[in-house]
Amino acid sequence: MPVYVDHAATTPISAPALAALTQEISRGGNPSSLHGSGRRARRSVEDARERVAAAAGAHASEVVFTSGGTEADNLAVKGLYWARRSADARHTRIICSTVEHHAVQDAVEWLERHEGAEVLWLPVDETGLVSLDALRAALADGTDRTALVTVMWANNEVGTVQPIGEIVAEAARYGVPVHSDAVQAFGSIPVSFADSGLATMAVTAHKIGGPVGVGALLVGRGVTLTPVQHGGGQERDIRSGTLDSAGIAAFAAAAEDAVARLDVEAPRVAALRDRLIEGVCREVPEAVLRGVGHPAARWSRLPGNAHFTFPGCEGDSLLFLLDLAGIESSTGSACSAGVPRPSHVLLAMGLSEDEARGAQRFSLGHTSTDDDVAAVVGAIGEAYRRARAAGMAGHASTIRTAGTGSSS
Amino acid sequence: MRVLAAMSGGVDSAVAAARAVDAGHDVVGVHLALSRMPGTLRTGSRGCCTIEDSRDAWRACDILGIPYYVWDFSERFKEDVVDDFIAEYAAGRTPNPCMRCNERIKFAALLEKALALGFDAVCTGHYATVLRDADGNPELHRAADWAKDQSYVLGVLTHEQLEHSMFPLAATPSKAEVRAEAERRGLSVANKPDSHDICFIPDGDTRGWLEERIELTEGDVVDVDGERIGSHPGANAFTVGQRRGLKLGTPAADGKPRFVLEIRPKQNEVVVGPEQLLAIDELRGIKVSWAGVPISEVRSGEEFDCTAQVRAHGDPVDARASVEVDDDGAQQLVVRLVEPMRGVAPGQTVVLYQGTRVLGQATIDSARSALRPDPVSVQA
């Protein structure tokens, strides 16, 4: 069995979620139908809505089910932008952090290209923490122009947790709504939508033990969103489409389970993570921990996240060598057609492209054990040495060829 | 052996990888990303670096049950292949970018990274054969199917590179068999069209592509005696052997068509003349390399019999060759053709064979016609 240390990509389905999924999928029914089958499915969906709301510190009417985090982020960013601009044509500015997931960043850039949005990018410090001074300055500059602020709750690559409460408080002084992508935070650290004061918040099932393909956008009761997806008018007319009652039931089961066990699970996973960090730094003294330094204050770094850069290595070489050794990790950043690119998050934190290329993220979760940590620590030294030898082979070569001077 | 299968997304490399798996090797598929901005979908038969090709390679690896990775060599490819291609044309030479890619990317940058990561060999879908001599040294030979033979574009590989090269399609009687085998193995690329063109020129219009990248200056068209007989939009836009597009108003004295005999980039001149002057009797080559252990005449300087080939699908012609060493210790290859050969341009690669065996290669620096006093040459 491979050692799975990529829980931030997706985490195995939990027992309660699997049970709910299989039970509900065998029953069927469209929750919008008025007959008995529909009523039964509707009951399941609405039960789930209440349970997801309770887990996220929200009211049931604030839960808009989606196909996952990416859809929730798109709906929030575009829906808030269009609604705010409709209300006041001067609202065309978006204040966005430089370390957002592509689901937010690319949606913002799309609005900039196609919908006349003006974007102010908030810088971060070397740990990935958003600058509150920059936020204050951005909000104060043209007070009646900002449509929304969007800052993720916790970063998917380096695990840095943002001061969402303070960000919302700053924006509230100008009456500006704030969206937060809480896909990585929800279920891993305490998250309360009500306490946060956010206008919208994106969550997803498959990062917390639920199935892939279902998530939610929490939408405050006073918040107006322009729909992105049109159709049958489900979900308060904000998100049309037949509801996935099985996925939603499983999402609720996973959320309830994860949040109920958070008090025990978060310190357990954080302790494993700390041993992993100490072990990797012992085996490879050159490795540089990115994000919040070790030991991290409670809730300042995601409990399961350990992110390093390895000088002189290509991250994909490390990933490849670890994969061969039976360890499943990640470079941490998205790729198109599998082509690795230096992470925009690491570049925003001030790393050079060469430093950023050597990234490797280990993320732990509910199935992680001491043995997993031991396996990573046991394999990282050899993988590092080999990857370093392979070095930047994409940039320079020592094989002598016809054109570089090999003859006879 | 630990084998890295270079997967273009085409049928040949997919079947080559499948055969390496069958042979019991521990195989990993790697697709080379050679362009920073790949098109999303392939159009027609052209291009080899689109997202669709990457997906095809990925799918083939999944079917074979082997891991798949994409390695980014786009910077190296741009520097070593694309920029070199432009620079060579700008200097009036005619380069072969596929050969350059084999020399510098597939069997250098890729091979080096593979060796460092613990692989023993790089496997590709090229149609060529690696044999071992009595001492176990590698020799490069033509493929069983001469129509598909690609030993020419591999002629640039050295002993060190051949030591770690694997071409599982070597003994395949025909391409049709490879397609049938792909079909049998359930590889969805079985009917994917062949790629023929230069992969970084997606629409196949090499001339138009170059004209966007090379500054063209109007200059003179001259005859072999140096007499001006017309003008051209830019010498670099012409290729030796070209007949069309000269736009010379007055016909030649003998009424016969005129051909481009020579490009002189320094003087920005295009030299034209009758067809018979295209027939080349002697070549001189630089940047010489030997495909494995050189034959003994290379060291002794004696002349040896061989056949010479100057383009990927050209016919080999009988020749006698010898090696000279210049003052700097660099080898120069002198190839005397038994029968004159047409369409030889500086910058092209001459590959020498004995029978099916590839001896080595050189970049053509000058070409001489017995009917002209001075050899055609382009100074680097």
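Residues numbered from 1 in each chain as written. Chains lettered and ligands numbered in written order. Predicted model: local features only at pLDDT ≥ 70, side-chain atom pairs only at ≥ 80, totals over all residues.

**Focus: the overall build of chain B**
Point 1. The helix and strand tally for chain B stands at nine helices and 18 strands.
Point 2. Expected size for 380 residues packed as a compact globule is a radius of gyration near 21 Å; at 22 Å, chain B falls within 12% of this value.
Point 3. Reported as C-alpha extents along the three principal axes, the dimensions of chain B are approximately 65 × 50 × 35 Å.
Point 4. Across chain B, every contact between residues at least 6 apart in sequence was considered, and the portion connecting residues at least 24 apart equals 62%. (Helix = DSSP H or I, 4+ residues; strand = E, 2+ residues; numbered from the N terminus. Rg over C-alpha atoms; globule rule 2.2 N^0.38 Å. Contact = placed C-beta atoms within 7 Å.)

**Section: the sheet that holds strand 8 (residues 219–222) of chain B**
All names here are of chain B.
Point 1. An order of 9-8-11-10 is seen for the four strands of this open sheet, with the pairing classed as mixed. The sheet is open, and its two edges are formed by strand 9 (228–232) and strand 10 (258–264), each paired on a single side. The mean inter-strand angle of the sheet, taken between neighbouring strand axes irrespective of direction, is 30°.
Point 2. Bridge count for strand 10 against strand 11 (residues 269–274) is six bridges, and the pairing is antiparallel. (Pairing = 2+ DSSP bridges. Axes fitted to C-alpha atoms, helices over the stretch in contact; angles between N-to-C directions.)

**Comments concerning the pairing of strand 8 (residues 215–219) of chain A**
All names here are of chain A.
Point 1. A large share of strand 8 lies buried, amounting to five of its five residues.
Point 2. Here strand 2 (residues 63–66) pairs with strand 8 via four bridges, running antiparallel. Paired with V63 across the bridge in strand 8 is L218.
Point 3. With five bridges joining them, strand 7 (residues 200–204) and strand 8 adopt antiparallel strand pairing. Across the sheet, residue M201 finds its bridge partner in strand 8, namely L218. (Buried ≥ 20, exposed ≤ 12 C-beta atoms within 10 Å, placed from the backbone.)

**Looking at the UniProt feature "binding site: ATP" (unreviewed entry) in chain B**
Residues and elements named next belong to chain B.
Point 1. UniProt tags A6, M7, S8, G9, G10, V11, D12, S13, L32 and G125 as "binding site: ATP" (unreviewed entry).
Point 2. Looking at the secondary structure, you find M7 in the loop between strand 1 (2–6) and helix 1 (11–22).
Point 3. Structurally, G10 is set in the loop between strand 1 and helix 1.
Point 4. G10 gets classed as buried once you count the C-beta atoms within 10 Å, which come to 21.
Point 5. With residues near it in sequence (within four places) discarded, G10 still touches G125, V189, K192 and S195. (UniProt positions renumbered as here; feature names shortened; annotations may be inferred.)

**Re helix 6 (residues 164–172) of chain A**
Point 1. Among the residues of helix 6 of chain A, I164, I167, V168, E170 and A171 of chain A are the ones counted as buried. The arc enclosing the buried residues of helix 6 of chain A, seen along the axis, measures out at 160°, which places them on a common side. (Arc of directions from axis to C-beta.)

**What to know about the domain arrangement of chain A**
Residue and element names in this part refer to chain A.
Point 1. According to the domain assignment, chain A consists of domain 1 (15–259) and domain 2 (262–390).
Point 2. Listed as interface residues are 21 residues of domain 1 and, on the opposing side, 23 residues of domain 2.
Point 3. Partitioning the side of domain 1 that touches domain 2 into residue classes produces nine nonpolar, 10 polar and two charged. (Domains from an automatic or database assignment. Nonpolar A, V, L, I, M, F, W, Y, C, P; charged D, E, K, R; others polar.)

**A few points about the domain arrangement of chain B**
All names here are of chain B.
Point 1. Taken domain by domain, chain B comprises domain 1 (2–191), domain 2 (215–277) and domain 3 (279–377).
Point 2. Using C-alpha coordinates to define each centre, domain 1 is positioned 27 Å away from domain 3.
Point 3. The interface of domain 1 with domain 3 comprises 21 residues on the first partner and 17 residues on the second.
Point 4. Put simply, the parts of the chain that give the side of domain 1 that touches domain 3 at least two residues each are strand 6 (138–142), helix 5 (151–154) and helix 6 (159–163).
Point 5. Per-element accounting of the side of domain 1 that touches domain 3 gives the leading share, five residues, to strand 6.
Point 6. Partitioned by chemical class, the residues of the side of domain 1 that touches domain 3 number nine nonpolar, eight polar and four charged.

**A look at the sheet that holds strand 12 (residues 359–363) of chain A**
All names here are of chain A.
Point 1. Strand order in the open sheet made by the three strands is 9-10-12, with antiparallel pairing throughout. Either end of the sheet is taken by a strand with one partner, and the two such strands are strand 9 (288–289) and strand 12.
Point 2. Bridge count for strand 10 (residues 305–309) against strand 12 is five bridges, and the pairing is antiparallel. Bridge pairing in strand 12 places F308 opposite Q360.
Point 3. Those strands touched by helix 9 (residues 262–283) are strand 9, strand 10 and strand 12, and its axis lies near 20° from that of strand 10.

**Some words on the pairing of strand 6 (residues 178–181) of chain A**
All names here are of chain A.
Point 1. Burial along strand 6 is two-sided: the residues V178 and S180 and H179 and D181 are all buried.
Point 2. Sheet analysis places strand 5 (residues 146–150) next to strand 6, joined by two bridges and oriented parallel. Across the sheet, T150 pairs through a bridge with H179, a residue of strand 6.
Point 3. Each parallel crossover has a hand, and the one from strand 5 via helix 6 to strand 6 is right-handed.
Point 4. The sheet contact formed by strand 6 and strand 7 spans three bridges and is parallel. Along strand 7, the bridge assignment pairs H179 with T200. (Right-handed = clockwise from strand over helix to strand, strands pointing away.)

**Some remarks on the confidence of the model for chain B**
Low pLDDT marks stretches whose predicted atomic positions should not be read closely.
Residues and elements named next belong to chain B.
Point 1. Looking at chain B, pLDDT values average 88 and 95% of them are 70 or higher.
Point 2. The least confident element of chain B is strand 18 (residues 376–377), whose mean pLDDT is 74; the most confident is strand 1, at 97.
Point 3. Confidence drops under pLDDT 50 across residues 40–48; counting only partners more than four residues distant or on other chains, this segment forms 25 contacts.
Point 4. The ipTM value of the predicted complex is 0.81, and its pTM value is 0.85. (pLDDT = per-residue confidence, 0-100.)

**Describing the environment of V325 of chain B**
Point 1. Inspection of the secondary structure puts V325 of chain B in strand 14 (residues 317–325).
Point 2. Expressed as a C-alpha distance, the spacing of V325 of chain B and S377 of chain B, which sit 52 residues apart in the sequence, is 19 Å.

**Description of unusual backbone geometry**
Residues and elements named next belong to chain A.
Point 1. A cis amide bond links H294 to the next residue, P295, at an omega of -5°.
Point 2. Locating P295 in the fold gives a position in the loop between strand 9 and strand 10.
Point 3. In this structure, D237 is a non-glycine residue whose phi angle is positive, near 70°.
Point 4. With respect to the helices and strands, the residue D237 is situated in the loop between strand 8 and helix 8 (245–260).
Point 5. Despite not being glycine, W299 has its phi angle at roughly 65°, a positive value.
Point 6. Locating W299 in the fold gives a position in the loop between strand 9 and strand 10.

**Concerning the UniProt feature "site: Interaction with tRNA" (unreviewed entry) in chain B**
Residue and element names in this part refer to chain B.
Point 1. As recorded in UniProt, the feature "site: Interaction with tRNA" (unreviewed entry) lies at H126 and Q348.
Point 2. As for its placement among the helices and strands, H126 is situated in the loop between strand 4 (121–123) and strand 5 (128–132).
Point 3. Among the residues examined, H126 registers 25 C-beta atoms within 10 Å and is labelled buried.
Point 4. For H126, the contacting residues outside a window of four places in its chain are Q150, L154 and F167.

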